[in-house]
Each structure stands twice: as structure tokens, then as C-alpha cells.
Amino acid sequence: MTPPASQPTRIVNAMTIDVEDYFHVSVFDGIVPRSAWATLESRVCQNTDRLLEILGEHGVRGTFFVLGCVADRFPELARRISGAGHEIASHGYGHRLVYDQTPEAFRQDVRRAKRLLEDSTGQAVVGYRAPSYSIVPRSLWALDVLIEEGYTYDASIFPIRHDRYGIPVSARHPYVIERKAGRLVEAPASTTQVGASNLPIAGGGYFRLLPYAWTRWGISRVNRSEGRPVIFYLHPWEIDPTQPRLPVGLVGRVRHYRNLDQTETRLRQLLADFSWGSLRSVLPAFDATALPHGVSVALPYQW
Ligand SMILES: [Zn+2]
């Protein structure tokens, strides 16, 4: 039931963090060679520790999609996140866009990340989010690979229009996808519907570029009018205004660097304004059989 607008909502929303360094971001593909990653100053540990501190102050336990190559280089970091009570999930190993990989290379990438994260934390890793939401119509085969590799939910299909990702016609709230390999829960980053369009309200560049009032309005609208939780996402480098600047074009510069100095304040406000938990905790039951069937219309593509 939807509570009246005057009452605070008790809905618990999902707080998710994609744990990667500032130079892993897809906007720098082709600008920063992978061979240079090991030579660049890493700031992922200090920024993630800061996020752990902020979430801890608000008593929030979220989901951390940890990049495998980060956990490989800093095994203690994944253990600290897990030790603080957060869910550990996988952001893959090497931060390659799904649609730029072969199915076999993708399989090796997600298998390696899952094993590494499970070995270092002792937690079962069942959730996956692709770099830059790169599960799109032409890379839906990745869902079969994820099912076969033991993942039970995916958070990679963004139901919006964007130049690099998105399936605008896909469902806006968690749903079950039936595939040849089995079933999987899809947990999309949140949007609000304005006219015929789904507009992003919950995280990343949209959280930094647009005024905080947009995020607050959008989340309240989903919580109150639809009675559903939102799935919010953020990266550790987004609270680091003094990170080294990399040579990128104007669009990339705006997307990556704009308002970095305001993110922490906004995040604290966000944590105070709404209730938060892990992604796993907001899925109706952590079992694909418990979510509604018959949503195959959400994905009219078969690749
Ligand atoms: Zn990423």
C-alpha cells in the first residue's frame, strides 16, 4: 500500500557501490592503456575506506560490486568491506565492456572475479554488475554465462536511452529473466517515468551533474507513488575531488569530474533522507522463483 505523501516512507532502498579506481572508468578506455594501470597512483583503498566510514556513521550496510583486479591487488580491501557487514558482489575482473568481449572471455572474467572475491572474503558472491551497464541487446548472451557460472542476480540492464548502454524498453523494477541456461533476477538501476521516457534518478553521474533535489524527488516518487525500493549506485572515486586529472575530451571531463567536491555532502544527505540496505535484502526474496513470472515482455530481444 502506498503511504500518504505527508508520512515518511519506511521502504528500504538498495545502496550499491562499484569498487574501482578512477582510471578504470570506461570513459578513459583508449586514453589510459591497461598496461599503465599498475603505474598510476591508486586511490581506491582510501576512497572506499572513506565510504565505509560514512555508511558506518549512518548504520547502512549496502552492496559492493568489487572489481576483481582491485581485489587481486588489495585483498585486504574486500575483507574490510565484508567485515563491515556489507554484501560482496562482482564487477567482473578486468573492467572490459561485455559487448567488446567474446562469450568465452567474458566467462573467464566473471569466473575469475567470483572465485577471487569468495576466496578472499568467505562470502558467497551471487550478484554481478557489468562495467558501464554493458549488457545491451547484442550482449544478452552474457546472462546465460552468468547463470552457468553461479550468479543468481544481475544489475547490468539500465532501462534508459544512452549513447553507450541501456535497453529503454526493459522493466524498471526487479524481475525474472528466463534464459536457455535457467533463470536470473535482474535488478536495474532506478529510474522514474516522465511521459514516455525513463529518466535516471539514482546515482553515478546523474547524482553529481543534476541538483540533489532531482534525486530526492525521484526516489520519493518511486517509494511513495509506486511503493517500490530504488537501487542507487556510486563509485569510490566520486567522493575524491583531488584525484589525478587524466587527459579526456569535454564530454568525458564533464561526466567524470563535475561536482566531485559535492558528492560526499550529497551522499550524507541521501543517507539521512532515506532508508538503505543491501541489494540482496531488497529483492523480494533472494530466489528467482519468488519474483513474478511473465515479464518476458521486458526483454523482447533474443541474441
Ligand atoms: Zn565500473
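Residues numbered from 1 in each chain as written. Predicted model: local features only at pLDDT ≥ 70, side-chain atom pairs only at ≥ 80, totals over all residues. Heavy atoms only, no water.

1. Remarks on the pattern of salt bridges
At step 1: Here the structure, examined in full by the defined rule, presents 20 salt bridges.
At step 2: Between Arg43 and Glu41 there is a salt bridge, and its shortest N-O distance comes to 3.0 Å.
At step 3: In this structure Arg43 comes out as buried when scored by relative accessible area, which is 9%.
At step 4: For Glu149, the salt bridge is made with Arg111, and the minimal N-O distance between the two is 2.8 Å. (Salt bridge = Lys/Arg side-chain N within 4 Å of Asp/Glu carboxyl O. Buried < 20%, exposed > 50% of the residue type's maximum accessible area, 1.4 Å probe, protein only.)

2. Description of the pairing of strand E9 (residues 197–200)
At step 1: Residues Asn198 and Pro200 point to one face of E9 and are all buried, whereas Ser197 and Leu199, pointing to the other face, are not buried.
At step 2: Examined bridge by bridge, strand E8 (residues 191–194) and E9 share four bridges and lie antiparallel to one another. Bridging across to E9, Gln193 finds its partner in Asn198.
At step 3: Counting the residues between successive antiparallel strands, the hairpin from E8 to E9 contains two residues, one of them, Gly195, with a positive phi of roughly 65°. (Helix = DSSP H or I, 4+ residues; strand = E, 2+ residues; numbered from the N terminus. Pairing = 2+ DSSP bridges.)

3. Points about a nonpolar patch on the surface
At step 1: Where nonpolar side chains cluster on the molecular surface, the patch consists of Leu209, Leu210, Leu250 and Val254 and spans about 310 Å² of accessible area.
At step 2: With respect to the helices and strands, the residue Val254 is situated in helix H8 (residues 250–257). (Patch = residues over 30% accessible without salt bridge, like charges linked within 9 Å, V, L, I, M, F, W, Y side chains within 5 Å. Areas by Shrake-Rupley, 256 points an atom, 1.4 Å probe, with all protein chains shown as cover.)

4. Section: unusual backbone geometry
At step 1: Of note in this structure, His95 is not a glycine but carries a positive phi near 55°.
At step 2: Inspection of the secondary structure puts His95 in the loop between strand E3 (87–90) and helix H4 (103–121).
At step 3: Among the residues examined, His95 registers a relative accessible area of 2% and is labelled buried.

5. Things to note about helix H3 (residues 75–83)
At step 1: Here H3 has its buried residues at Leu77, Ala78, Ile81 and Ser82. What you see down the axis of H3 is that its buried residues fit within an arc of 130°, all on one side.
At step 2: Those residues of H3 that are buried are in contact with strand E1 (12–19), helix H1 (44–57), strand E2 (63–66), helix H2 (68–73), E3 and H4.
At step 3: Downstream of H3 by one or two residues, Gly85 has phi in the positive range, about 95°. (Arc of directions from axis to C-beta. Contact = heavy atoms within 4.5 Å.)

6. Focus: the confidence of the model for the chain
At step 1: Per-residue pLDDT for the chain averages 89, and the proportion of residues at 70 or more is 91%.
At step 2: This model gives residues 1–6 a pLDDT under 50, and the stretch forms five contacts once residues within four places in sequence are excluded.
At step 3: With pLDDT under 50 throughout, residues 294–298 is counted as low confidence; its partners more than four residues away or in other chains account for six contacts. (pLDDT = per-residue confidence, 0-100.)

7. A short note on the coordination of the zinc ion
At step 1: Taken together, the protein ligands of the zinc ion are Glu20 (OE), His91 (NE2) and His95 (NE2), with distances of 2.0 to 2.1 Å.
At step 2: Sequence positions of the donors to the zinc ion reduce to the motif E-x70-H-x3-H. Here Glu20 is found in the loop between E1 and H1, whereas its partner His91 is found in the loop between E3 and H4, with 71 residues between them in sequence. Here the two residues Glu20 and His91 agree in accessibility, since each one is buried. (Donors = N, O, S within 2.8 Å, 3.2 Å for Na, K, Ca; no water.)

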